[in-house]
Amino acid sequence: MEKGGGKGGPPPANGLVVVVGGGIAGLGAAQRLCRNLGFRNLRLLEASDRCGGRVCSQPAFGGLVDIGAHWIHGPSKNNPVFQLALEYGLLGEKEMSEENQLIEVGGHPGLPSLSLSSSGKNVNLKLVEDVSNLFYTLLDQTREFLHMAETPVPSVGEYLKKELAQLMADWTEDEATKSLKLSILNTFFNLECCVSGCHSMDLVALGSFGEYAMLPGLDCTFSEGYEGLTNCIMTSLPKNVIQFNKPVKIIHWNGSYTQEKFPGVKFPVLVECEGGEQFPANHVIVTMSLGVLKEQLTTLFDPPLPHSKAEVIKRMGFGTNNKIFVEFEEPFWEADCQQIQVVWEDSSPFVDDKSELENIWFKKLIGFLVLPPFESSYVLCGFIAGLESEYMETLSDEELISSLTQVFRRITGNPQLSGPRSILRSKWHSAPYTRGSYSYVAVGSSGEDIDLLAQPLPEDSSAPQLQILFAGEATHRTYYSTTHGALLSGWREADRLINLYDSEAQQQKLKP
Ligand SMILES: Cc1cc2nc3c(=O)[nH]c(=O)nc-3n(C[C@H](O)[C@H](O)[C@H](O)COP(=O)(O)OP(=O)(O)OC[C@H]3O[C@@H](n4cnc5c(N)ncnc54)[C@H](O)[C@@H]3O)c2cc1C
Ligand SMILES: *[C@@H]1O[C@H](CO)[C@@H](O)[C@H](O)[C@H]1NC(C)=O
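Since this is a predicted model, take the numbers as computed values, not measurements.

A. Local environment of the overall build of the protein. For the protein, the count of helices and strands is 15 helices and 23 strands. Taking 24 Å as the expected radius of gyration for a compact globule of 512 residues, we find that the protein reaches 25 Å, a close match to that expectation. Principal-axis analysis of the C-alpha atoms gives the protein an extent of 85 × 55 × 45 Å. Going through the 512 residues of the protein one by one, you find that 53% of them count as buried. In the protein, 75% of the contacts between residues at least 6 apart in sequence involve partners at least 24 apart. Mean positive and mean negative side-chain charge positions of the protein (41 and 62 charges, respectively) differ by 8 Å.

Structure (structure tokens):
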């Protein structure tokens, strides 16, 4: 064995790496690689003019709002987003407290402080609590089907409805109360659509629903905006690593490309941007959303992805959840109110309203979070998922304000209520570099597909290794759809490259 020390030559040249996408996964991968001296030749190509991706804080209402990621889910010691936020000093006293980290909520959002019906009545909060307990008991039961070869029904939605139908036979209340309970349940179904980022829980696979893992800790937010976190990672990278306004159009791989700067060296990958700019590479880490991968499946890779990989991308679920921020001059809620639930009377999880979206889209709104007061206004944050949410993106601000004014007048029972002063909403489905909100395990897919998506290319060992690596929220088997899942996936792929060169160096040393 050769002794390594003595000469002190340059660090091993670990090839050219291109990271596609400057969301938290891409930034995390780049930061990890930069901290390893071997990866001096690193580029991160970001399509837009900013980093953060679905972590996105925007100035509004005289302050800042997050139109993408909202909470650190499970802020405790095993959550890498929480750890980074601590490291960068971005959290408040309460969020950092040991007490906060120990709270277990099982992933269930808290109860509303106020529940309003479409006819302007206050819904009894005890009834809401009973319905909530029922809903989450059934939802937790879905874990029983984890890793089962066969499930009684394909989807979470069908399972919930099947169980409900049985339980309802024993409901003893009067008809009006039974009907109200179904309407409240409908709001919980719609809330779960927001959590899963899907149009309907009938699309979410029952067998894999339990794979999603929860961390302890009471979900917390960034008072100065989530993007503070991605900005800190961004500024930790050496200058010139990140190149903005570089939408990647085609990833050529399994080829042999050259670059002036490295005469005589062949690179298996060539990353081509819109406009024609080209970046040769040994390795490319792809972090664009599953929505973008689905949309560009047939054009993004040359040669095309292997059939099995392409099928996985088609099978996996990716839907829409949007936020609508609504600014009021005066609040119609009490000062201690934190969450307002909206219940549409006569709605039910068992009935699918087939009316035109134009007339019913707003019934998919689950309600509003009350944001901490701004300097001179009061702001609510509404959530809406699915096709109704995608339809909402197409409305003008005026149309949206007008529809919402009607909704607020109905639920407050005050036909004179002043409408919102202004609104701000996300449009994640139309966003060209996102094409939706986050992934879910769709019927026909499974947790295994997530691991398959994460497998690097090429599949065999005859060609240069690790040409295309896959990171991003949708590639994390147990934390998909979250910022911590995205960050961990970026680290995972950075480590895969680091290990490749470490083991090559080891093998060099072992040569006689
Ligand atoms: C409304 C909403 C609420 C959410 N709430 C939470 C929450 O409370 N807690 C939580 O943990 N998670 C939440 N999430 C999910 C979380 O935001 C994401 O899981 C995470 O930010 C994804 O990071 P990523 O790096 O995988 O992808 P992205 O952030 O999408 O990053 C991908 C990057 O690639 C770029 N890109 C795309 N195409 C190209 C191309 N062709 N060439 C070059 N660059 C390209 C994009 O511009 C983007 O910057 C929420 C998401 C949404 C939409
Ligand atoms: C990669 O190139 C090799 C050698 O030219 C070829 O045999 C193989 O089929 C190619 N793989 C793909 C996925 O195109």
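B. Layout of the pattern of salt bridges. The final tally for this structure, using the stated rule, is 21 salt bridges. Across the salt bridge formed by arginine 315 and aspartate 449, the nearest N and O atoms sit 2.9 Å from each other. Separated by 134 residues along the polypeptide, arginine 315 in helix H10 (residues 307–315) and aspartate 449 in helix H14 (residues 447–454) bring together distant segments of the chain. What makes arginine 315 partly exposed here is its relative accessible area of 33%. Overall, the relative accessible area of 5% leaves aspartate 449 in the buried class. Glutamate 493 serves as the salt-bridge partner of arginine 492, at 2.6 Å between the closest nitrogen and oxygen. Residue glutamate 493 is classed as buried on the basis of its relative accessible area of 0%. The structure contains a network of salt bridges with shared partners spanning Glu211, Asp451 and Arg477.

C. Main features of the nonpolar core. Counting 48 residues, the largest nonpolar core has Val65, Phe135, Val156, Leu160, Ile184, Phe188 and Phe325 as the members making the most contacts within it. At the level of elements, helix H5 (125–141), helix H6 (156–168), helix H7 (175–196) and strand E20 (378–385) are the ones that each hand at least two residues to this core. In this view, valine 156 contacts Leu139, Thr142, Met201, Val204, Ala205, Leu206 and Phe209; residues no more than four positions away in its chain are not counted.

D. Representation of the packing of H5 against H7 within the structure. Viewed as axis vectors pointing N to C, H5 and H7 meet at an angle of 50°, and their least axial separation amounts to 10 Å. Classified by the interaxial angle, the pair formed by H5 and H7 is oblique. Between H5 and H7 lies a crossing whose hand is right-handed. From H5, Leu127, Val128, Val131, Ser132, Phe135, Tyr136 and Leu139 reach across to H7, where they touch Thr177, Leu180, Lys181, Ile184, Leu185, Phe188, Phe189, Leu191 and Glu192.

E. Main features of H7. Helix length check: H7, at 22 residues, gives a terminal C-alpha distance of 31 Å against a target of 32 Å (1.5 Å per residue), a fit within 8%. Between a side-chain oxygen at the N-terminus of H7 and the backbone nitrogen of alanine 176 the separation is 3.2 Å; the capping residue is aspartate 174. Positive phi shows up at glycine 197, right after H7, with a value of about 65°.

F. Up close: unusual backbone geometry. Across the junction of aspartate 302 and proline 303, the peptide omega takes the value -5°, indicating a cis bond. Going from leucine 457 to proline 458, the amide bond is cis rather than trans, its omega being 0°. As for its placement among the helices and strands, proline 458 is situated in the loop between H14 and strand E23 (468–470). Of note, asparagine 254 is a non-glycine position whose phi angle comes to about 60°, a positive value. Structurally, asparagine 254 is set in the loop between strand E9 (248–252) and strand E10 (257–259). Unusually for a residue other than glycine, leucine 466 sits at a positive phi of about 50°. With respect to the helices, strands and loops of the structure, leucine 466 is situated in the loop between H14 and E23.

G. Representation of the domain arrangement of the protein within the structure. Taken as a whole, the protein is organised into domain 1 (17–54 + 223–317 + 434–510) and domain 2 (109–215 + 321–425). Using C-alpha coordinates to define each centre, domain 1 is positioned 35 Å away from domain 2. Counting residues at the interface gives 17 residues for domain 1 and 19 residues for domain 2. Surface buried jointly by domain 1 and domain 2 totals about 1,400 Å² across both partners, of which 52% is contributed by carbon and sulfur atoms. A per-residue breakdown of the area domain 1 buries against domain 2 is headed by Tyr438, Tyr440 and Val443, which together make up 40% of the total. Counting across the domain 1 and domain 2 interface gives 1 salt bridge. For the salt bridge of glutamate 211 with arginine 477, the shortest nitrogen-to-oxygen distance reads 2.9 Å.

Calculation rules
Residues numbered from 1 in each chain as written. Chains lettered and ligands numbered in written order. Predicted model: local features only at pLDDT ≥ 70, side-chain atom pairs only at ≥ 80, totals over all residues. Heavy atoms only, no water. Helix = DSSP H or I, 4+ residues; strand = E, 2+ residues; numbered from the N terminus. Rg over C-alpha atoms; globule rule 2.2 N^0.38 Å. Buried < 20%, exposed > 50% of the residue type's maximum accessible area, 1.4 Å probe, protein only. Contact = heavy atoms within 4.5 Å. Lys, Arg positive; Asp, Glu negative; His and termini not counted. Charge placed at Lys NZ, Arg CZ, Asp CG, Glu CD. Salt bridge = Lys/Arg side-chain N within 4 Å of Asp/Glu carboxyl O. Core = buried A, V, L, I, M, F, W, Y, C linked by side-chain atoms within 4.5 Å. Axes fitted to C-alpha atoms, helices over the stretch in contact; angles between N-to-C directions. Parallel < 35°, antiparallel > 145°, perpendicular 65-115°, else oblique. Left-handed = near helix turned anticlockwise from the far one by under 90°. Expected span 1.5 Å × (residues − 1). Polar contact = N/O pair within 3.5 Å; in protein donor to acceptor, adjacent residues only side chain to side chain. Domains from an automatic or database assignment. Buried area = accessible area lost by both parts, 1.4 Å probe.

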